[in-house]
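Given next are the chains, with one letter for each unit.
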Amino acid sequence: MPRLTIDGKEVEVPPGTNLIEAARLVGVEIPHYCYHPGLSIAGQCRLCMVDIDKVPRPQISCNMAAADGMVVHTQTERVLETRKSIMEFHLVNHPLDCPVCDQAGECWLQIYYMKHGLYDPRMTDEKVHKPKAVPLGPHVILDAERCILCSRCVRFCDEVTSTGELGIFHRGDHSEIGLFPGATLENKYSGNVIDICPVGALTDRDFRFQVRVWYLDTTRSVCPGCARGCNIEIHTNRHRTHHNRGRRVARIKPRFNADVNRWWICDDGRYGFSAIDDDSRLTTPLAREGDRLAETTWDAVLAALAQTLQRYRPEEIGILPSPQMSNEELFVLGQLAAHLGTVNVDFRVPPATPGNDDGLLIRGDKNPNSQGAALGGLVPGAGGLDGAGIIAGAAAGRVKLLWVFHHDLYQSAWAETDVHKALTAATLIFQGTNTNRTSAGATLVLPSAAYAECDGTFTNFEGRVQRFRQALDPLGEALPGWEILTRLGRALGLPDQLYQAERAEQVFTRLAASRPSFGGMTYRGLGDAGRMVGA
Amino acid sequence: MTSEKIFTRNFHLKDPHTLGVYRQTGGYTAVTKAFAMEPSAITEEVKKSNLRGLGGAGFPTGTKWSFIPKGSAAPKYLVINADEGEPGTFKDRYLLERDPHAVIEGMLIAARAIDSHRGFIYIRGEYVQPWRVFSAAVREAYGAGLLGKNVLGSGFDFDIVVHRGAGAYICGEETGLLSSLEGKKGWPKIKPPFPAIKGAFGQPTIVNNVETMAAIPHIINRGAAWFAGLGTKSQGGTRLFSVSGHVVKPGVVEAPVSITLRSLIYDECGGIPNGRRLKAVVPGGSSAAVLTADQIDVSMDVESLAKAGTMAGSAGVIVMDDTVSIPDALMVVARFYAHESCGQCTPCRESTGWIYKMSHRIVSGKGRKEDLDTILDVAKRGAGTTICAFYDGAVGPYISYIEKFRDEFEALIPRDGHA
């Protein structure tokens, strides 16, 4: 392993590590635009130059592999002057329209100008004009004048998605990013080019002009869109909702996880947050009064639910948990099912149209926690009915109480007539975040918090347990799913301390203690990257 | 001045581009000799000849060949740069049209030395006639068993692919050329890796100039010592000078590299016409720094011109008499570099256009006092910061024109120009 010195600090790095990454290891940030650890080396922006002993001229650190005995200087007068010059070149033809640019506040031209530029502008001639506000696809819009031609977006489409929609056209200072003839930037990962664009050239058509980035709060979370469990940040706008069409979630950004999604997320995940602030959200507990569902209180609905559950024999109860639920929520439900003695439990509701794995990130299973539900044993016990059996049993009158979580059974692969027969024959309890055709027929409706509104964990398809964190207060009177169930436990008069839990973490601690494969896991121990089950 | 002619020895003959004439004058004897040599011995001979690349960079040819990894099983490519885009340079065109078989023979020998079985020649898109003539010569060579499988019964296979460029100056830069040859945008590649390790299509590659290739058969036939003896201590041979501008006899002149610029202009090209006075000379293509009339007693070899603060480059000698406005000349050159910058590296992309705008403003009478220092400072700051040598080439004229003829520029700037 090469051992080198960077700004007087010695570091040993794996062979092939470039100087930018080597410097990071000793806490030295080398400014750069075109370099991205997930893409090939372009060496175009020329900003990352450093001095190396015994090398006559500054070298770009992105394309320089660390070598044994190398002595690197990132702060020599020559390097600092070079950075200043390169910043001036980057900005010569830039429109300097920060006041109307969505990137402002998270723009690397602004950041590096303040850190490494601070020259007096000398450009007094007409700047080069290029196309502005060019839609490249459904999500991405281009301002070619702001572009510094780092080619990250081009390389992303060439190397990560292999879709090759983008190129750099023309020459010299008329060079511009653009689509190849006939192409549209609509691959499944197109939004990532917005993240890796270091400037305001590629912005998000959904996000732009909605809210200034400095008004946003950031919460670490996990995408609930499929079984991959891509790590994300939820950017919320809680205090200036008039800036964002009333939406509290402003945008979703990927969060690096070397073992899950690296730097990327898919567009379905990125733009899949609209349900959180949608009009279809369930915000108060509801109880049936004849033809309609009337608003009620938590105390009333939980008391009604406890009574209902006690009215039926175990074999008359069928529970359909959801792989959208957190490990914590599933754990409490599993305990309750055990208490009730029902073995008719199955989280597996087949989707109407099965998805496909795309070989990159997207999984065919559109649920974040199927693995967690399976490990949690939310499947039929000995002699119990599976999902289809529960529906058939309800239709036949043998299963008299259906307790459904999140699912719209009408959207499943099961025949609509069978589902309808089952739902109308049995007493239906629904717990979920949004209304759907299934919830509309329920006797009791318990509104649960969306994933962005509570803490919890999902277990991805590989068995990685990952935390998501509360970014927002639950909408209306909605409660975290685990809390609805612990309150129900109390309504049932159960003495277990589990039902006194005040935080999801306490539920998780119980879960980890009761399941060997989760042995030793804690919220703190899961950290930002999660932990593998059984590891 | 009379001296030995190598490259131009057949130019006066009828149909010198044909195989028949080439063979009558001793052609394709060097390749037979080379095939009897060890490949490493060929490279050694070329090293000893002090042949330096005649495209522009002046890198020692034999040394370049020796960078090909020894014993590598990868296919190795020989790529001939016939893009000849440097303004003021037109000598490769003469070779392609009048002595194409010398280039082909040189390629065969070089291919043998580096163990390449496929050569490419990248011909400037505008060079229609040179392309036609060279292509015909390649067909003739195939017909005569000089190319293809088992060349001249030696067991050595070698094919030549003739490729035409599409009109970009940057495609004459060796790695820009390789990108273009690969079917990509003609962007120079970052180094390392260097082409000898990872060049065309990711394989070990040698890129040589047309004239460099044409020298090889003569070196093999007549020996390294003979070739080295024609030049200076550090550069052997003669070379072709493309002399243009204000001389009585412009054109391609072959002379030893040790000839002085004065002798080239006054003895070989008949001096300055119409009784005018010499004002400035660009000695090595537009990217070379300009020399003033009192700097022309310099020898035209690589080292002497480097010592004089300019470069031998492509040996494109552009002679300017006292009717030439240097600010105009700079504006024209700056426009060229702004137009031809590939746009890959930020300093070059942004400042070639900027400097052109400033130089254009100056000759339009709208210059500002600070413009000249801004151009000099921008040029110096950008120099040496880019992937390829294009920008350093642009900096040659930017700086030298202003530093050596500053009065002329200042005279164009209005007195009320901003301070």
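Parameters and conventions
- Residues numbered from 1 in each chain as written.
- Chains lettered and ligands numbered in written order.
- Predicted model: local features only at pLDDT ≥ 70, side-chain atom pairs only at ≥ 80, totals over all residues.
- Helix = DSSP H or I, 4+ residues; strand = E, 2+ residues; numbered from the N terminus.
- Buried ≥ 20, exposed ≤ 12 C-beta atoms within 10 Å, placed from the backbone.
- Contact = placed C-beta atoms within 7 Å.
- Rg over C-alpha atoms; globule rule 2.2 N^0.38 Å.
- Pairing = 2+ DSSP bridges.
- Axes fitted to C-alpha atoms, helices over the stretch in contact; angles between N-to-C directions.
- pLDDT = per-residue confidence, 0-100.
- Left-handed = near helix turned anticlockwise from the far one by under 90°.
- Nonpolar A, V, L, I, M, F, W, Y, C, P; charged D, E, K, R; others polar.
- Core = buried A, V, L, I, M, F, W, Y, C linked by C-beta atoms within 7 Å.
- Parallel < 35°, antiparallel > 145°, perpendicular 65-115°, else oblique.
- Domains from an automatic or database assignment.
- Arc of directions from axis to C-beta.

**With respect to the overall build of chain A**
Logical step 1: When helices and strands are tallied, chain A shows 15 helices and 22 strands.
Logical step 2: Referenced to the eigenvectors of the C-alpha coordinate spread, the extents of chain A come out at roughly 85 × 50 × 40 Å.
Logical step 3: Across the 535 residues in chain A, those meeting the buried criterion constitute 50%.
Logical step 4: Intrachain contacts of chain A at a sequence separation of at least 6 include 67% that bridge at least 24 residues.

**Here we look at the overall build of chain B**
Logical step 1: A count of helical and extended segments in chain B gives 17 helices and nine strands.
Logical step 2: The C-alpha atoms of chain B give a radius of gyration of 22 Å, which matches the 22 Å a tight globule of 419 residues would have.
Logical step 3: Taking the principal axes of the C-alpha coordinates as reference, chain B spans close to 75 × 45 × 35 Å.
Logical step 4: Looking at the 419 residues of chain B, the share that counts as buried comes to 56%.

**Observations concerning the sheet that holds strand β13 (residues 249-254) of chain A**
All names here are of chain A.
Logical step 1: The three strands are arranged β11-β12-β13 in an open sheet whose pairing can be described as antiparallel. Where the open sheet ends on each side, the last strands, each with one partner, are β11 (217-222) and β13. Between one strand axis and the next, the sheet turns by 25° as a mean value, whatever way the strands run.
Logical step 2: Pairing geometry for β11 and strand β12 (residues 231-236), over six bridges, is antiparallel. Bridged to Thr 219 within β12 is Ile 234.

**Remarks on the confidence of the model for chain B**
Logical step 1: Overall, the prediction assigns chain B a mean pLDDT of 96, with 99% of residues at 70 or greater.
Logical step 2: In the predicted complex, the global pTM is 0.95; the interface-specific ipTM is 0.93.

**Quick word on unusual backbone geometry**
Logical step 1: Residue B:Pro192 is reached from B:Lys191 by a cis peptide bond, and omega for that bond is -5°.
Logical step 2: Its place among the elements puts B:Pro192 in the loop between α8 (174-181) and β4 (205-209).
Logical step 3: The amide bond that connects B:Pro192 to the next residue, B:Pro193, takes the cis arrangement and shows omega of 5°.
Logical step 4: The residue B:Pro193 is located in the loop between α8 and β4 in this model.
Logical step 5: Even without being glycine, A:Phe209 reaches a positive phi, approximately 70°.
Logical step 6: Looking at where A:Phe209 falls in the secondary structure, it is placed in the loop between β10 (202-204) and β11.

**A short note on the packing of helix α2 (residues 77-91) of chain A against helix α3 (residues 108-117) of chain A**
Residue and element names in this part refer to chain A.
Logical step 1: Relative orientation of the contacting elements α2 and α3 amounts to 145°, with a least axis distance of 9 Å. For the crossing formed where α2 meets α3, the hand is left-handed. Residues Arg 83, Lys 84, Met 87, Glu 88, His 90 and Leu 91 of α2 touch α3, and the partners they reach there are Leu 109, Tyr 112, Tyr 113, His 116 and Gly 117.
Logical step 2: The class makeup of the residues in the contact of α2 with α3 is five nonpolar, three polar and three charged.

**Quick word on the pairing of β13(A)**
Residues and elements named next belong to chain A.
Logical step 1: Of all six residues that make up β13, five are buried, and the element is covered over most of its length.
Logical step 2: Note: β12 against β13, five bridges, orientation antiparallel. Bridge pairing in β13 places Ile 232 opposite Pro 254.

**Describing the interface of chain A and chain B**
Logical step 1: In this complex, chain A contributes 25 residues to the contact, which on the side of chain B involves 26 residues.
Logical step 2: For the side of chain A that touches chain B, the class distribution of residues is ten nonpolar, nine polar and six charged.

**Here we look at the nonpolar core**
Nonpolar side chains in soluble globular proteins tend to be buried together.
Logical step 1: If you look at the biggest cluster of nonpolar residues, it comprises 186 residues, and the most contacted ones within it are B:Val79 and B:Leu264.
Logical step 2: Sorting elements by how many residues they give to this core places helix α6 (residues 100-114) of chain B first, with ten residues.
Logical step 3: Discounting chain neighbours no more than four positions away, the residues touching B:Val79 are B:Phe120, B:Tyr122, B:Leu177, B:Leu178, B:Leu181, B:Ala200, B:Thr205, B:Ile206 and B:Val207.
Logical step 4: Counting 93 residues, the second largest nonpolar core, distinct from the first, contains A:Val249, A:Leu378, A:Leu428 and A:Ala501.

**Focus on the packing of helix α10 (residues 387-395) of chain A against helix α11 (residues 416-425) of chain A**
Residue and element names in this part refer to chain A.
Logical step 1: Running from amino to carboxyl end, α10 crosses α11 at an angle of 60°, the nearest separation of the two axes being 7 Å. In terms of axis orientation, α10 runs oblique to α11. The two elements α10 and α11 meet at a crossing, and its hand is left-handed. Of the residues in α11, those touching α10 at Ile 391, Ala 394 and Ala 395 are Asp 418, Val 419, Lys 421, Ala 422 and Ala 425.
Logical step 2: Class assignment for the residues of the contact of α10 with α11 results in six nonpolar, no polar and two charged.

**A look at the domain arrangement of chain B**
Residues and elements named next belong to chain B.
Logical step 1: By the assigned domains, chain B splits into domain 1 (19-228), domain 2 (238-321) and domain 3 (326-412).
Logical step 2: Of note, the centres of domain 1 and domain 3, computed from C-alpha atoms alone, are 34 Å apart.
Logical step 3: Here the side of domain 1 that touches domain 3 is built from residues that sort into seven nonpolar, three polar and one charged.

**Details of the environment of A:Gln335**
All names here are of chain A.
Logical step 1: Tracing the backbone through its elements, the reader meets Gln 335 in helix α8 (residues 327-340).
Logical step 2: Judged by local crowding, Gln 335 falls into the buried class, with 21 C-beta atoms found within 10 Å.
Logical step 3: Separated by 288 residues in sequence, Gln 335 and Leu 47 place their C-alpha atoms 58 Å apart.

**A short note on the pairing of strand β3 (residues 49-52) of chain A**
Residues and elements named next belong to chain A.
Logical step 1: Direction of pairing for β3 relative to strand β4 (residues 59-60): antiparallel, over a ladder of two bridges. Opposite Val 50, over in β4, you have Gln 59 as the bridge partner.
Logical step 2: Connecting β3 to the antiparallel partner β4 that follows it, the hairpin turn spans six residues, and Lys 54 within it adopts a positive phi of roughly 70°.
Logical step 3: Taken together, the two bridges between β3 and strand β5 (residues 71-73) define a ladder with antiparallel strand orientation. Within the sheet, the bridge partner assigned to Ile 52 lies in β5 and is Val 72.

**Focus: the sheet that holds strand β5 (residues 238-245) of chain B**
Residues and elements named next belong to chain B.
Logical step 1: Pairing in this open sheet of five strands is mixed, and the strands run β6-β5-β9-β7-β8 from one edge to the other. With one partner strand each, in any of the chains shown, β6 (251-256) and β8 (291-292) form the two edges of the open sheet.
Logical step 2: Alignment of β5 against β6, held across six bridges, turns out to be antiparallel. Paired with Thr 238 across the strands is Pro 256, a residue of β6.

**A look at the environment of A:Leu286**
Residue and element names in this part refer to chain A.
Logical step 1: For Leu 286, the position within the fold is in strand β14 (residues 286-289).
Logical step 2: The class of Leu 286 is buried, set by 22 C-beta atoms lying within 10 Å.
Logical step 3: Considering only alpha carbons, one finds Leu 286 and Thr 296, ten residues apart in sequence, at a separation of 5.4 Å.
Logical step 4: Beyond its immediate stretch of four places on either side in the chain, Leu 286 contacts Leu 293, Ala 294, Glu 295, Thr 296 and Val 445.

**Examining α10(A)**
Residues and elements named next belong to chain A.
Logical step 1: Within α10, burial applies to Gly 387, Ile 390, Ile 391, Gly 393 and Ala 394. Taken end-on, α10 shows its buried residues confined to a sector of 165°, consistent with a single buried face.
Logical step 2: Of the surrounding secondary structure, the elements contacted by the buried residues of α10 are β16 (317-320), β17 (401-405) and α11.
Logical step 3: Count one or two residues on from α10 and you reach Gly 397, which has phi positive near 85°.

**Some details on the environment of A:Val199**
All names here are of chain A.
Logical step 1: On the secondary structure map, Val 199 appears in the loop between α5 (192-196) and β10.
Logical step 2: The buried category is assigned to Val 199, around which 21 C-beta atoms lie within 10 Å.
Logical step 3: Sequence separation between Val 199 and Thr 433 is 234 residues, and the spatial gap between their C-alpha atoms is 37 Å.
Logical step 4: Ignoring sequence-local partners within four residues, the contact set of Val 199 consists of Gln 103, Cys 107, Trp 108, Leu 109, Arg 146, Cys 147 and Ile 148.

**A look at α11(A)**
All names here are of chain A.
Logical step 1: Of all the positions in α11, only Val 419, Ala 422 and Leu 423 are classed as buried. The arc that holds the buried residues of α11, viewed along the axis, is 95°, so those residues lie on one side. Away from its buried face by more than 90 degrees, α11 exposes Thr 417 and Thr 424.
Logical step 2: Among the structural elements, α10, β17, β18 (427-432) and α12 (437-440) are those in contact with the buried residues of α11.

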